[in-house]
Amino acid sequence: EDDPRNPATIADNVGDNVGDVAGMGSDLFGSFGEATCAALVIAAQSHDLVSAGWDTLIFPLYISSVGILVCIATSFVATDFRPVRSEASIEEVLKTQLTLSTVGMTVAMFPVCAMFMPQEFYLGPKSFASACVEGVNTSKCVTMGPMSAFCCIAAGLWGGLIIGFVTEYYTSHSYSPVREVARSTETGAATNIIYGLALGYKSTIIPVGILAGIVFVAFSLMDMYGVALAALGMLGTLSTCLAIDVYGPICDNAGGIAEMAELPEAVREKTDALDAAGNTTAAIGKGFAIGSAALVSLALTAAFVTRTEVLENGVNLLNPTVFAFLLIGSMLPYWFSAMTMKSVGIAAMEMVKEVKRQFDTIPGLLEGTPGHAPPDHARCIKISTDASLREMVPPAILVMTAPILTGMFFGVEAVVGLLAGGMASGVQLAISASNTGGAWDNAKKYVEKGGLYIDMPKRDEVTGEIMRDEFGSPILVSVRQRKGSECHKAAVVGDTVGDPLKDTSGPALNILMKLMAIISLVFADFFMSINNGQGYFNIPRRVF
């Protein structure tokens, strides 16, 4: 893929930058902004939080600010106090950064919560005294404000860290899941695909359980305001998380440049070791992004429910309209993923045809004849750029029009069902797609570095015949698999299938979950203006 004769090599390097740097950065930035918006919208509906003063109202912004300072401080650990000194310590140093940022953020947030959060408040238009002391004791009545806020933020912080480490376990070739995927290449590409898909599905269990626990704890303590704070807590170490995420494509491109420049093999071995760690850190970043997107989507949905006063008592799942759109919302991530994956396939086909055309029309390019004309890299970059912009339109239309049409014709309760279904389905599909692709990628790198040994029949050096023992059984020898072997070819197939999963469909589902929710919140007043929130079809509210 990094051969200097390949016209698509530079396009690959550019793609790493726009995908894993610009794309993931804008995704996480959007999560931060939307989580802050959700927390501010919910806080603005609280009489007590507004009365407590400006500092209390903008408390979500203090979480972001403290997080930046903590991450700046911990960055000196990797650069000055505990730098990378060997290949084995690459992942360890990066994980230490993330852990220290989480610990520092946890310590720093305790006094901040104590300073700016009131002891008692009601998350609604009434005061605490009138809403809670009279016996209406719900999750909206917060009696230990500073400690409750701290627990919500800490739940998000440590939940995000655990999700990141679970993602690393399922995508790093240092652990058994990816090595199992690599060993499955012994019997071909099909079993490699099967093992990779199974790994992705299995990898959703712990992250989804953690997200469920975070939501339960946060909602129990501070209602949906707590969920928004938990989302901001998970994103509190964003600066460190994004730094180690961007580290991946930098090392990947460095390896590509080393091969294109035909530098010594020892250089490529070093960049491969850095790149393997980079794939894992990129997967950790995607895990953070997906987990935070789920919490942000839920917080925005809560802000939507808060904004549409007709839903102040919650949404009944047994309402036929809600249940119907819950199913429709669960389907949307699959429709969206199908569109994005097919878009990648279309662009890849155009790219392959262009590469073949250049091999056929530029004399000596494929053979590597000295003095041949250089490949047209710009043409391949243009194909990818044009395809990405063109193919972006249909999925974007789907995501933006689904909640608007639902709210217009079926009402606000249908919108809540749509958002809940999209989030519940999307987070699991995103985690499995991202981890499957990451596992296939690192399984290929595990084979390339010579980590895979396969038992093969020993052959006579002269005749080439299989040697057998006294019982007639073939004598087996352990053979190391490297580039060019049949196992490597099977691993390359898995990596090729996994790229659109981990780099396109998986991360893009974050946008689906968040964008549908933020659009619903923006159009909430418009939906309420249509038959008091029941839509043009004016469907009556009833339960099964």
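All values derive from a computational prediction rather than experimental measurement.

### Observations regarding the overall build of the protein
The secondary structure content of the protein amounts to 17 helices and four strands. When each of the 544 residues of the protein is scored for burial, the buried share is 51%. Restricting to contacts in the protein with at least 6 residues of sequence separation, those with at least 24 account for 80%. A total of about 24,100 Å² of accessible surface is found on the protein, and carbon and sulfur atoms cover 66% of it. When the 34 positive and 51 negative side-chain charges of the protein are each reduced to one mean point, those points stand 3 Å apart.

### Considerations on the environment of P83
Residue position: P83 is located in the loop between α4 (59–81) and α5 (90–116). Judged by relative accessible area, P83 falls into the partly exposed class, the value being 24%. For the pair P83 and S478, spaced 395 residues apart in sequence, the C-alpha to C-alpha distance is 37 Å. Setting aside its immediate chain neighbours within four residues, P83 contacts V77, A78 and V93.

### Comments concerning the packing of aromatic side chains
Under the criterion given, the structure shown has 12 aromatic pairs. Plain terms: the ring middles of F523 and F527 are 6.3 Å apart, the flat faces sit at 25° to each other, and that makes the pair stacked. On the accessibility criterion, F527 (0% relative accessible area) is buried. Each residue in the set F325, F409, F410, Y536 and F537 is aromatic and connected to the rest through ring pairs, giving one cluster.

### Considerations on the nonpolar core
Formed by 102 residues in total, the largest nonpolar core has its most connected members in F59, M109, M222, Y225 and L229. Per-element tally for this core: the top contributor is helix α12 (residues 265–307), with 17 residues.

### So, unusual backbone geometry
The phi dihedral of N531 is positive, around 50°, even though this residue is not glycine. Tracing the backbone through its elements, the reader meets N531 in the segment after α17 (524–528). For N532, which is not glycine, the phi dihedral falls at a positive 55°. Secondary-structure assignment places N532 in the segment after α17.

### Concerning the pattern of salt bridges
By the definition in use, this model includes 21 salt bridges. With its nearest N and O atoms 3.1 Å apart, the salt bridge here joins D503 to K502. Taking relative accessible area as the criterion, K502 reaches 10% and is therefore assigned buried. Overlapping salt bridges bring together D20, K286, D441, K445, D499, K502 and D503 as one network.

### Section: α5
Between its terminal C-alpha atoms α5 stretches 39 Å, which fits the 39 Å expected from 27 residues at 1.5 Å a residue. At M109, α5 is deflected by roughly 25°, the largest bend along its length, and proline P111 occurs up to four residues later in sequence.

### So, the side chain of T308
Along the chain, T308 turns up in the loop between α12 and α13 (320–361). Exposure remark for T308: the relative accessible area of 0% places this residue in the buried category. Among the polar contacts made by the side chain of T308, one reaches the main-chain carbonyl oxygen of F304 at a distance of 2.9 Å. A polar side-chain atom of T308 sits 3.4 Å from the main-chain carbonyl oxygen of V305. Setting aside anything within four residues of it in sequence, one finds T308 in contact with V412, A524 and M528.

### Focus on a nonpolar patch on the surface
On the surface, I68, L69, I72, F76 and F81 cluster together into a nonpolar patch covering about 560 Å² of accessible area. Tracing the sequence through the fold places I72 in helix α4. Under the relative-accessibility criterion, I72 is labelled partly exposed at 47%.

### Points about empty space enclosed by the protein
Overall, the coordinates contain two cavities of 30 Å³ or more when judged by the stated rule. When its volume is computed, the second largest cavity comes out at roughly 50 Å³. Residue lining of the second largest cavity: I163, T167, P207, G287, I290, G291, I431 and N435, and that is the complete set. When residues of the lining of the second largest cavity are traced back to their parent elements, those giving at least two are α7 (145–171), α12 and α15 (412–448). Here the lining of the second largest cavity gets three residues from one element, more than from any other, and that element is α12. Here the lining of the second largest cavity is composed, by residue class, of four nonpolar, four polar and no charged.

### Details of the packing of α7 against α15
Interhelical geometry of α7 versus α15 gives an angle of 45° and a closest axis separation of 8 Å. Between α7 and α15, the angle is such that the two are oblique. Facing T167, Y170 and T171 of α7, the residues of α15 in contact are N435, G438, A439 and N442. Considering only residue class, the contact of α7 with α15 consists of two nonpolar, five polar and no charged.

### Some remarks on the packing of helix α8 (residues 176–183) against helix α9 (residues 189–202)
Between α8 and α9, the shortest axis-to-axis distance is 8 Å and the interhelical angle comes to 160°. Considered as vectors, α8 and α9 are oriented roughly antiparallel to each other. In terms of crossing hand, the pair formed by α8 and α9 is right-handed. In contact with P177, V178, E180 and V181 of α8, α9 contributes N192, Y195, G196 and L199. Looking at the contact of α8 with α9 residue by residue, the class counts come to five nonpolar, two polar and one charged.

### As for the state of the cysteines
Here the structure, examined in full by the defined rule, presents zero disulfides. Cysteine C71 is unpaired, with the sulfur of C241 as its nearest cysteine sulfur at 9.1 Å. Note on C71: relative accessible area 5%, which makes it buried. No disulfide involves C113; its nearest neighbouring cysteine sulfur is the one of C151, lying 8.9 Å away. A relative accessible area of 1% means that C113 is categorised as buried.

What counts, and where the lines are drawn
- All residue numbers refer to positions counted from 1 along the written sequence of the respective chain.
- Only residues with pLDDT of 70 or above have their local features reported here, since the model is predicted, and side-chain atom pairs are shown and tallied only from 80 upward, although totals for entire chains, interfaces and linings are computed over all residues.
- Water and hydrogen atoms play no part in the side-chain values, which are based on all heavy atoms of the structure.
- The numbering of helices and of strands both runs from the N terminus, where a helix is a DSSP run of H or I of at least 4 residues and a strand a run of E of at least 2.
- A simple rule labels every residue: compare its accessible area, found with a 1.4 Å probe on the protein chains alone, to the largest value its type can have, and call it buried under 20%, exposed over 50%, or partly exposed in between.
- Only heavy atoms matter for contacts: two residues are in contact if any of them lie within 4.5 Å across the pair.
- Note on areas: Shrake-Rupley with a 1.4 Å probe; residue coverage comes only from the protein chains shown.
- Under the counting rule used here, the positive set is Lys and Arg, the negative set is Asp and Glu, and His together with the chain ends is not counted.
- One atom stands in for each charge, and that atom is NZ of Lys, CZ of Arg, CG of Asp or CD of Glu.
- Pairing of aromatic rings covers Phe, Tyr and the six-membered ring of Trp, with a centre-to-centre limit of 6.5 Å; geometry is then stacked below 30 degrees between planes, edge-to-face above 60, and tilted otherwise.
- Residues belong to a common nonpolar core when they are buried Ala, Val, Leu, Ile, Met, Phe, Trp, Tyr or Cys residues joined through side-chain atoms within 4.5 Å.
- For this analysis, a salt bridge means a side-chain nitrogen from Lys or Arg found within 4 Å of a carboxyl oxygen belonging to Asp or Glu.
- The span you would expect from a helix comes to 1.5 Å times its residue count less one.
- In this scheme, the bend at a residue equals the angle between the axes fitted to the seven residues that finish there and the seven that begin there.
- Whenever a nitrogen or oxygen atom comes within 3.5 Å of another N or O atom, the pair is scored as a polar contact, on the condition that within protein one atom can donate a hydrogen and the other can accept it, and that pairs from neighbouring residues in sequence are kept only if both atoms are in side chains.
- Distance thresholds for patches are 9 Å for like charges and 5 Å for nonpolar side chains (Val, Leu, Ile, Met, Phe, Trp, Tyr), applied to residues having over 30% relative accessible area and no salt bridge.
- Using a 1 Å grid laid over the protein atoms alone, points where a 1.4 Å probe fits but cannot get out form a cavity; open sets with protein on both sides within 12 Å along at least 5 of 7 lines form a pocket; any residue with an atom within 4 Å of a point counts as lining.
- Grid points are joined across faces, edges and corners, and a volume is the space filled by probe spheres set on the points.
- Residue polarity is assigned by list, with Asp, Glu, Lys and Arg as charged and Ala, Val, Leu, Ile, Met, Phe, Trp, Tyr, Cys and Pro as nonpolar; anything else, Gly included, falls into the polar class.
- Each axis is a line fitted through C-alpha atoms, taken for helices only over the stretch in contact, and angles between the N-to-C directions span 0 to 180 degrees.
- Any angle from 65 to 115 degrees is called roughly perpendicular, while one under 35 is roughly parallel, one over 145 is roughly antiparallel, and all others are oblique.
- Here a crossing is taken to be left-handed if its near helix is turned anticlockwise relative to the far helix by less than a right angle, and right-handed if that turn runs clockwise.
- Cysteine sulfur atoms that come within 2.5 Å of each other are treated as a disulfide pair.

Any functional reading would require information that these geometric values do not contain.
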